[in-house]
Amino acid sequence: MEQAAQTIQARLSDENEQVRLAALGDLMKPEAEPAQVVENVVACLDHSNGKVRQLAVVVLGQVAAQGESGKHAVPGLARGLDEAQPKSVRMLAASGLARAGPEAAPAVEPLCRALASKDKSVRSAASLALGKIGAPAVPWLRRMLRVSDPIVIAAAIDALGLVGKPAKDAVEDLRNLRTSPDPKVQQACDSALEKIGGEPPKG
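None of these values were measured; they are calculated from a predicted model.

Peer 1: Looking at this structure, how should I read the overall build of the protein chain?
Peer 2: Across its full length, the protein chain holds twelve helices and zero strands. Starting at the N terminus and ending at the C terminus, the protein chain contains elements arranged as α-α-α-α-α-α-α-α-α-α-α-α. By its C-alpha atoms, the protein chain is 65 × 30 × 20 Å across when sized along the principal axes. The proportion of buried residues among the 203 residues of the protein chain is 47%. Within the protein chain, contacts between residues at least 6 apart in sequence are counted, and of these 58% link residues at least 24 apart. Of the roughly 10,200 Å² that the protein chain leaves accessible, carbon and sulfur atoms contribute 51%. Considering the protein chain, the positive charge centre built from 25 side chains and the negative charge centre built from 24 side chains are found 6 Å apart.

Okay, structure coming up:
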């Protein structure tokens, strides 16, 4: 097993991008053990080929989905959220963090930054991940409610709604935001308050 891991490590560091792609593909097979080579997979996020980076975050997402044993993939997925990465990589990174659930708590800050993305799909993926993280994300999400952009505010509110009852500390913030002139913010508040505390829509 150790020899196999060393072989994969060498392939993941190969200058030939096709060799790297094949190695990442092998790590996605059911019998593979990608957790053994996480550092090498993370290094692929710096590769010039976008497909290499995409496959790297998919593999990291598989590792992260293993619960506590996969939490060492979280920092790599957080790197995948960087604004310098293409949209596809950022979306896949956020999806991987969503699979990690509460174990992805160390990535809350970069996920909140991703809520400010101009791309709706990136915002949605980040919002879902923050919702899956749960209570640890609530203090950061409450800060996001104070930004000026209503699109970002609505994304943060959606995440709080996904958190559900553990987001009860944000209830008063959401009630105050119901007076927002932006209809999307109002609707998001109604939905979140119903999910968090069972409050009916304001009207």
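There is more to say, and it comes next.
Peer 1: Where do I start with the nonpolar core in this structure?
Peer 2: Taken as a class, soluble globular proteins show a tendency for nonpolar side chains to be buried jointly. One finds Leu111 and Ile157 to be the most contacted residues of the largest nonpolar core, which totals 68 residues. Looking at this core element by element, the count peaks at nine residues for helix H10 (residues 150-163).

Peer 1: Got a minute to help me understand helix H8 (residues 120-133) in this structure?
Peer 2: One turn of the α-helix equals 3.6 residues, which is why residues spaced by three or four share an orientation. Across its 14 residues, H8 extends 20 Å between first and last C-alpha, which sits within 8% of the 20 Å expected from 1.5 Å per residue. When H8 is considered as a whole, its buried residues turn out to be Val122, Arg123, Ala125, Ala126, Ser127, Ala129, Leu130, Gly131 and Ile133. With its phi angle positive at about 85 degrees, glycine 134 sits one or two positions after the end of H8.

Peer 1: So what exactly am I meant to see when it comes to the packing of H10 against helix H12 (residues 183-197) here?
Peer 2: Packed helix pairs are characterised by how far apart their axes lie and by the angle those axes make with each other. At a closest axis distance of 8 Å, the pairing of H10 and H12 adopts a crossing angle of 10 degrees. When the axes of H10 and H12 are compared, the pair comes out roughly parallel. The handedness of the crossing between H10 and H12 comes out as left-handed. On the side of H10, the interface is formed by Pro150, Ile153, Ala154, Ile157, Asp158, Leu160 and Gly161, while H12 contributes Lys184, Val185, Ala188, Cys189, Ala192, Lys195 and Ile196. Looking at the contact of H10 with H12 residue by residue, the class counts come to ten nonpolar, one polar and three charged.

Peer 1: What is the right way to read the pattern of salt bridges from this model?
Peer 2: Per the counting criterion, the structure on display carries nine salt bridges. Across the pair arginine 113 and glutamate 109 runs a salt bridge whose closest N-O atoms are separated by 3.4 Å. Of the two residues, arginine 113 and glutamate 109 both sit in helix H7 (residues 108-114), four residues apart, roughly one turn of that helix. Given a relative accessible area of 39%, glutamate 109 falls into the partly exposed group. Here arginine 142 ties to aspartate 173 by a salt bridge, and the two come within 2.6 Å at their closest N and O atoms. Residue arginine 142 is located in helix H9 (residues 138-144), and its partner aspartate 173 is located in helix H11 (residues 171-177); the two are separated by 31 residues in the primary sequence. Among the charged side chains, a network of salt bridges with common partners joins Arg11, Asp26 and Lys29.

Peer 1: Quick question: what am I supposed to make of the environment of leucine 81 here?
Peer 2: Summarising the element assignment, leucine 81 is placed in the loop between helix H5 (74-79) and helix H6 (87-100). Its relative accessible area of 4% is what places leucine 81 among the buried residues. Linking leucine 81 and lysine 132, residues 51 residues apart in sequence, is a C-alpha distance of 17 Å. Not counting chain neighbours up to four residues away, the residues in contact with leucine 81 comprise Arg90, Ala93, Ala94, Leu97, Pro110 and Leu111.

Peer 1: Would you take a moment to explain the environment of glutamine 36 for this structure?
Peer 2: Here glutamine 36 lies in the loop between helix H2 (17-27) and helix H3 (38-43). Sequence-wise, glutamine 36 and glutamine 9 are 27 residues apart; in three dimensions their C-alpha atoms are separated by 9.3 Å. One polar contact links glutamine 36 to glutamate 33, side chain to side chain, over a distance of 2.8 Å.

Peer 1: Looking at this structure, how should I read the state of the cysteines?
Peer 2: Overall, the coordinates contain zero disulfides when judged by the stated rule. For cysteine 112, which is in no disulfide, the shortest distance to another cysteine sulfur is to cysteine 189 and amounts to 16 Å. Using a relative accessible area of 1% as the deciding quantity, one classes cysteine 112 as buried.

The rules behind each value
- Here, residues in each chain are numbered from 1, in the same order as that chain's written sequence.
- It should be noted that, the model being predicted, local features are given only for residues of pLDDT at least 70 and side-chain atom pairs only at 80 or more, the latter also being counted only at that level, while totals for whole chains, interfaces and linings use all residues.
- To obtain the side-chain values, all non-hydrogen atoms of the structure were included, while hydrogens and water were left out.
- Runs of E in the DSSP output that reach at least two residues are strands. Runs of H or I that reach at least four are helices, and both are numbered from the N terminus.
- Burial classification: accessible surface area is computed with a 1.4 Å probe over protein chains only, and a residue below 20% of its type maximum counts as buried, one above 50% as exposed, and the rest as partly exposed.
- We call two residues in contact whenever any of their non-hydrogen atoms come within 4.5 Å of each other.
- What sets the accessible areas is the Shrake-Rupley method with a 1.4 Å probe; for residues, cover comes only from the shown protein chains.
- Asp and Glu are treated as the negative residues and Lys and Arg as the positive ones, with His and the ends of the chain left uncounted.
- Every charge is mapped to an atom, namely NZ of Lys, CZ of Arg, CG of Asp or CD of Glu.
- Remark: nonpolar core denotes a set of buried residues (Ala, Val, Leu, Ile, Met, Phe, Trp, Tyr, Cys) joined through side-chain atoms within 4.5 Å.
- A helix is expected to span 1.5 Å multiplied by its residue count minus one.
- Axis definition: a line fitted to C-alpha atoms, limited for helices to the stretch in contact. Angles are taken between N-to-C directions and run from 0 to 180 degrees.
- Angles below 35 degrees are treated as roughly parallel, those above 145 as roughly antiparallel, those between 65 and 115 as roughly perpendicular, and all remaining angles as oblique.
- Throughout, a crossing is termed right-handed when the near helix is turned clockwise from the far one, and left-handed when it is turned anticlockwise from it by less than a right angle.
- Residues were grouped as follows: Ala, Val, Leu, Ile, Met, Phe, Trp, Tyr, Cys and Pro as nonpolar; Asp, Glu, Lys and Arg as charged; and all remaining residues, including Gly, as polar.
- The term salt bridge refers to a side-chain nitrogen of Lys or Arg lying within 4 Å of a carboxyl oxygen of Asp or Glu.
- Two N or O atoms count as a polar contact when they lie within 3.5 Å, although within protein this holds only if one can serve as hydrogen donor and the other as acceptor, and sequence-adjacent residues are included solely when both atoms are side-chain atoms.
- Note on disulfides: each one is a pair of cysteine sulfur atoms within 2.5 Å.

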